[in-house]
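Structure at a glance
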Protein chains: 2
Amino acid sequence: MLRAMVKVYAVIMAGGAGTRFWPASRVLRPKQLLPLAGQSGEVLLAATVQRLAPLITPDRVVIVTGEPLANATAAAVPEVPRAQILCEPAPRNTAPCIAWATSVIEAMDPDAVVAVLPSDHFIANSAEFHRVLERAIATAALGHVTTVGIVPTRAETGYGYIELGAPLASAGNASNTGAMSVLRFVEKPNLERALEFLNGKRHLWNAGMFFFRARDMHALVGEHLPELAAGIAQIDQASSTANAATVLKNIFPTLPSISIDHGVMEKATRLAVVPGNFGWSDVGSWQSAWELGNKDDHGNALEPDTIAIDTTNSLVRTLGTTKKVVALVGVRDLVVVDTDDAILVIPRDRAQDVRMVVDALKARGKTNLL
Amino acid sequence: MLRAMVKVYAVIMAGGAGTRFWPASRVLRPKQLLPLAGQSGEVLLAATVQRLAPLITPDRVVIVTGEPLANATAAAVPEVPRAQILCEPAPRNTAPCIAWATSVIEAMDPDAVVAVLPSDHFIANSAEFHRVLERAIATAALGHVTTVGIVPTRAETGYGYIELGAPLASAGNASNTGAMSVLRFVEKPNLERALEFLNGKRHLWNAGMFFFRARDMHALVGEHLPELAAGIAQIDQASSTANAATVLKNIFPTLPSISIDHGVMEKATRLAVVPGNFGWSDVGSWQSAWELGNKDDHGNALEPDTIAIDTTNSLVRTLGTTKKVVALVGVRDLVVVDTDDAILVIPRDRAQDVRMVVDALKARGKTNLL
């Protein structure tokens, strides 16, 4: 019913680099191109596209990535038309990315509703995700810039929060969607505030999912980020000419580098949020990968041919061309990752410190391992 | 002076299989063919031959190994004449090995003194080793079957011991060699007895080093193991005929499978022992490899390109064709070994349990990893 009323497009942001999954993640093989979506074996980007498909078919998906990742991205999601894989000539944060992708979609369909989604998250409950998305899309179709906020399950200090306002009763039909107004976006809190947020039940995690009519975002960027709007307009005007690539290459790197949160969301009125509770994870580290992995009776998430003796709560991932047999004896809470040129051994609770390895490799000039 | 008086040959026993260095050690790449001799990069067998060279040149070295290891053994010690690499058609413990090699040497030189040495031990102090060997050879040249016993440095329960008797004063010149008579060979003790041995200073470790005139061993085998002597005589008689290989292949597997300790030493009289204190290790496990490795300020024995952050007292060995970078964060007392097809992660104090991995691989039918 909903889908008959509005034409919905997805913008999947797939430009991330990320070093938190080294040695699996590299400059040219970032997190969204890694098979971290549970045991499916799919890379996260492909899982994202396939999860959307019942609501938004791949021919209405636009992916934004960086030039060096273009081919790997296209190979990961062959069902998405190649012309809809947009390559930023330089990374300029999320506002230029979303503004550009929105202008491309607006040119295809001026009445489009756009769902902006990250490429590298994990969602356990697809059916519930679809229900929440339908509510968010319906709310956006009424003219609200809408976000999906994740119902917190712990006092997380690593995410931004969205403070809930009143239900959107005044918005007529939107009341059917369970959407709430947004009081404010809140920066990453300290632990004390995060505990307050968790107990107060009036704050949701900002998971970077945004829904809007293309024309509404167009207007908001014009109002709050006029310099960005002007640049996008130039790119847009050249887009069907022989100069398209040159203009993009010249203009895009000059666009203001700002996030959509700071540049637009925090300034916009008529904001809405739909609470979501669908087994979400941002897959932030090897610790998350262990949490999401299929585990045996000893809490180990292993490869099929791993030998684990007196081993508990550990993660093994073999991502090399040659799948090596990993043998663990007498270890616990350990992460072991094998790739073609590097092996990582780190306790789960130190998983964030993978960046220290990346820093050490940089310091030693081992760019081939980055 | 000594070397001018007697012609000394070495028999290096290199037939061992051994699973304690899995995944580095395999059926076709046993411990003596692994580079475990400290940081030299040499395999243990090559280090053994080179260590002997100032006393016993490679042209007087006989190596006994198994048929499947012949080529790898020859490649490891190209300085040893190929004809002196003897291949047992089947493993029959040390008595047949030593009796056969002795008969080969006796045919070359009836007056030869033979030094039997393991191929897979580590010796830190070569100069002292040479001094001890000269004393043992001089004692053997006087007609004593002589062993070198290692002065214990701990209450080890994993080795056999040699109980010292009186100095060999009655043996005339042998008194110059520091040799003692042997009261008895003692089986592996329990911890209580091992402590008594350590404190009593009358017991030495049996390190499997034996020295004798070829003709003396010939006579002892004839006396105590007549069946073995008869078999060796058949092999010996055929050795310069066209049937040599066939006779060896038919006879050798029928020889009694018994150790030189049980078969000869424990029954012989005129036994002598020279105490040795030259930084000996039997390199029994990855724990030993760590002990012998060059360590950094944090007690880590690493590869040159290992990244170690907050890591102490750990061992990393990368033995694959592709030398991978291993990154360790926040681990201690850990062993990580990479090979072409398998990775081992095990705490140092569990190093003996590598055999549990080998057993598990056998149980899963993964013979390609054994």
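Okay, so let's go over this structure. (Residues numbered from 1 in each chain as written. Chains lettered and ligands numbered in written order. Predicted model: local features only at pLDDT ≥ 70, side-chain atom pairs only at ≥ 80, totals over all residues. Heavy atoms only, no water.)

This part takes up the overall build of chain A. Scanning chain A from terminus to terminus reveals twelve helices and 16 strands. Relative to the compact-globule value of 21 Å for 370 residues, chain A shows a C-alpha radius of gyration of 21 Å, a close match. Taken over the C-alpha atoms alone, chain A extends approximately 60 × 50 × 40 Å along its principal axes. By the burial criterion, 57% of the 370 residues in chain A qualify as buried. When the accessible surface of chain A is totalled, it reaches about 15200 Å², and 52% of it is carbon and sulfur. (Helix = DSSP H or I, 4+ residues; strand = E, 2+ residues; numbered from the N terminus. Rg over C-alpha atoms; globule rule 2.2 N^0.38 Å. Buried < 20%, exposed > 50% of the residue type's maximum accessible area, 1.4 Å probe, protein only. Areas by Shrake-Rupley, 256 points an atom, 1.4 Å probe, with all protein chains shown as cover.)

Residues and elements named next belong to chain A. Among the secondary structure elements, His130 is positioned in helix H5 (residues 126-141). Here His130 falls in the buried class, since its relative accessible area comes to 16%. Ignoring any residue separated from it by four or fewer positions in sequence, one finds His130 in contact with Arg51, Pro54 and Leu55. (Contact = heavy atoms within 4.5 Å.)

Right, let's talk about the relation of the copies chain B and chain A for a bit. Between chain B and chain A, which share one sequence, the superposing operator has a rotation angle of 180° and an axial displacement of 0.0 Å; the RMSD is 0.1 Å. On this basis, the relationship between the two copies can be described by a two-fold rotation axis. Residue B:Val345, judged by its C-alpha, is the member of chain B lying nearest the rotation axis, at 4.4 Å. Take the interface residues of chain B: 100% of them recur as interface residues in chain A, which is what a same-surface contact looks like. (Least-squares fit on C-alpha atoms with pLDDT ≥ 70 in both.)

A few words on helix H2 (residues 44-52) of chain B. In terms of residue burial, H2(B) counts as a mostly covered element, since eight of its nine residues are buried. Turning to H2(B), its buried residues number three or more, namely B:Leu44, B:Leu45, B:Ala46, B:Ala47, B:Thr48, B:Val49, B:Arg51 and B:Leu52.

This part takes up the packing of aromatic side chains. Applying the stated criterion across every chain, the model contains 14 aromatic pairs over all chains. Ring centres of B:Tyr159 and B:Trp205 lie 5.0 Å apart, and the angle between their planes is 75°; this geometry places the pair in the edge-to-face category. Note that B:Tyr159 is positioned in the loop between strand S6 (145-150) and strand S7 (161-167) and B:Trp205 in strand S9 (residues 203-213), a separation of 46 residues in sequence. An aromatic cluster of three or more residues is present, and its members are A:Tyr159, A:Trp205 and A:Trp280. Just above the ring of A:Trp290 sits the side chain of A:Lys295; from NZ or CZ to the centre is 4.6 Å. (Phe/Tyr/Trp six-rings, centres within 6.5 Å; stacked < 30°, edge-to-face > 60°. Lys NZ or Arg CZ within 6 Å of the ring centre and 35° of its normal.)

Another point: the sheet that holds strand S16 (residues 342-347) of chain B. Ordered in space as S12(A)-S14(A)-S16(B)-S15(B)-S13(B), the five strands form an open sheet in which the pairing is mixed. In the strand order of this sheet, the two ends are held by strand S12 (307-309) of chain A together with strand S13 (315-318) of chain B, each with one partner. Strand-to-strand twist of the sheet, defined as the mean angle between neighbouring strand axes without regard to direction, takes the value 5°. The pairing of strand S14 (residues 325-329) of chain A with S16(B) spans four bridges and is classified as parallel. Looking across to S16(B), one finds that A:Val325 is bridged to B:Ala342. (Pairing = 2+ DSSP bridges. Axes fitted to C-alpha atoms, helices over the stretch in contact; angles between N-to-C directions.)

This part takes up helix H6 (residues 191-200) of chain B. Capping the start of H6(B) is the job of one residue whose side-chain oxygen sits 3.3 Å from the backbone nitrogen of B:Glu192: B:Asn190. Positive backbone phi, at 55°, marks B:Lys201, one or two positions downstream of H6(B). (Polar contact = N/O pair within 3.5 Å; in protein donor to acceptor, adjacent residues only side chain to side chain.)

Right, let's talk about the sheet that holds strand S15 (residues 334-338) of chain A for a bit. With mixed pairing, the five strands of this open sheet are ordered in space as S13(A)-S15(A)-S16(A)-S14(B)-S12(B). Two strands close off the open sheet at either side, each with one partner strand: strand S13 (315-318) of chain A together with strand S12 (307-309) of chain B. For this sheet the average axis-to-axis angle between neighbouring strands, irrespective of direction, equals 5°. As paired elements, S12(B) and strand S14 (residues 325-329) of chain B share three bridges and run parallel to each other. Bridge assignment links B:Ile309 to a residue of S14(B), and that residue is B:Val329. Those strands touched by helix H12 (residues 354-363) of chain A are strand S16 (342-347) of chain A together with S12 and S14 of chain B, and its axis lies near 135° from that of S12(B).

What follows concerns the pairing of S13(B). Residues and elements named next belong to chain B. Every second residue of S13 is oriented toward a common face, with Leu315 and Arg317 on one face and Val316 and Thr318 on the other, all of them buried. When S13 meets strand S15 (residues 334-338), the two strands line up parallel, connected through four bridges. Residue pairing across strands places Arg317 opposite Val337, the latter belonging to S15.

Turning to the interface of chain B and chain A, a few remarks are in order. Contact residues are listed per partner, giving 37 residues for chain B and 37 residues for chain A. Summed over both partners, the interface of chain B with chain A buries about 2800 Å², with 66% contributed by carbon and sulfur atoms. Our count for the chain B to chain A interface comes out at four salt bridges. With its nearest N and O atoms 2.7 Å apart, the salt bridge here joins B:Arg350 to A:Asp310. There are 18 residue pairs in polar contact (both at pLDDT 80 or more) connecting chain B and chain A. (Buried area = accessible area lost by both parts, 1.4 Å probe. Salt bridge = Lys/Arg side-chain N within 4 Å of Asp/Glu carboxyl O.)

This brings us to unusual backbone geometry. With glycine set apart, most residues show a phi of negative sign, and most peptide bonds adopt trans. Between A:Trp22 and A:Pro23 the backbone carries a cis peptide bond, its omega angle lying at 10°. Mapped onto the fold, A:Pro23 is located in the loop between strand S1 (8-13) and helix H2 (44-52). In this structure, B:Asp310 takes a positive phi of about 50° despite not being glycine. Among the secondary structure elements, B:Asp310 is positioned in the loop between S12 and S13.

With that out of the way, let us pick up the state of the cysteines. Simply put, the disulfide is a covalent bond whose two ends are the sulfur atoms of two cysteines. All names here are of chain B. Applying the stated criterion across every chain, the model contains zero disulfides over all chains. Residue Cys87 stays outside any disulfide, its sulfur separated by 11 Å from that of Cys97, the closest cysteine. What makes Cys97 buried here is its relative accessible area of 4%. (Disulfide = S-S within 2.5 Å.)

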